[in-house]
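Coordinate analysis (summary)
The lines below spell out each chain.
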Amino acid sequence: AFFTTLNPKVGWQIDEVTDISLSAAVTDRDYKRNVDKGRDGTEYRGGVTVARLYLDKKLGVQGGLAYSDFDARDERFSYKGPEVFVGVVYEAWERGSVFARLGYRRFEYGAPEPLFPTARDDDDWRLSAGFRHELASTLLAGWVVSGEWVWSDNSSNNALFDYDRHQVSLGLQRSF
């Protein structure tokens, strides 16, 4: 698949420790396999996020709301629905932080799957926790090691699409 996204964001710093941002995204999805062509379409998403710092700026708390509308070629892949999330990040040591985030998304699909009488309505909960550490050794100075665990619980009115999943990732990155 080839996805193309335009993702503008604007933010306002309300005071020394508080900011608000508005974001939008338009994503065009173009799948290459014929079996996936019904998933081709455009997703529109808009949201607002509020963030505040505490404890001498070592603790950040964030919350937000968003709404997505995906218009796919085949209506059974189209969906719309709200999203809400809260998150925290804490500077736990020099050049290192830990974070956690809880999010909820509602997906109301446009048409039923073949052989099912009603369109899907899914409730998707995600809990993530992780860390980030910038290395200081001379060989890897400026590189960042990160790790994350994500638990997803998707409940659907169609039991075929219920799932509970755990994902773990470990990364090494460098920005230039």
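Our subject in this report is the structure included herewith.

Basis of the calculations
Residues numbered from 1 in each chain as written. Predicted model: local features only at pLDDT ≥ 70, side-chain atom pairs only at ≥ 80, totals over all residues. Heavy atoms only, no water. Helix = DSSP H or I, 4+ residues; strand = E, 2+ residues; numbered from the N terminus. Areas by Shrake-Rupley, 256 points an atom, 1.4 Å probe, with all protein chains shown as cover. Lys, Arg positive; Asp, Glu negative; His and termini not counted. Charge placed at Lys NZ, Arg CZ, Asp CG, Glu CD. Phe/Tyr/Trp six-rings, centres within 6.5 Å; stacked < 30°, edge-to-face > 60°. Buried < 20%, exposed > 50% of the residue type's maximum accessible area, 1.4 Å probe, protein only. Lys NZ or Arg CZ within 6 Å of the ring centre and 35° of its normal.

This brings us to the overall build of the protein chain. The helix and strand inventory of the protein chain stands at zero helices and 10 strands. The N-to-C order of helical and strand elements in the protein chain reads β-β-β-β-β-β-β-β-β-β. Surface summary for the protein chain: the accessible area is close to 11400 Å², and the carbon and sulfur share equals 58%. Across the protein chain, 22 positive and 27 negative side-chain charges occur, with their mean positions spaced 4 Å apart.

So, about the packing of aromatic side chains. One pass over the full model with this rule turns up six aromatic pairs. Centroid distance Phe3 to Tyr31: 5.7 Å. Interplanar angle 75°. Geometry classified as edge-to-face. One end of the pair, Phe3, is in strand E1 (residues 2–6); the other, Tyr31, is in the loop between strand E3 (18–30) and strand E4 (41–54), with 28 residues separating them in the sequence. Between the aromatic rings of Tyr79 and Phe107, the centroid separation amounts to 5.1 Å while the plane-to-plane angle is 75°, which identifies the pairing as edge-to-face. Placement of the pair is Tyr79 in strand E6 (residues 79–93) and Phe107 in strand E7 (residues 96–112), with a sequence separation of 28 residues. Take Tyr79 and Phe107: they sit in the same class, and that class is buried. Each member of the aromatic cluster is reached from another via a ring pair, and the members are Phe70, Tyr79, Phe107 and Tyr109. The side chain of Arg29 reaches across the aromatic face of Phe70, ending 4.1 Å from its centre. For Arg120, the ring lying beneath its charged end belongs to Phe161, and the centroid distance is 3.8 Å.

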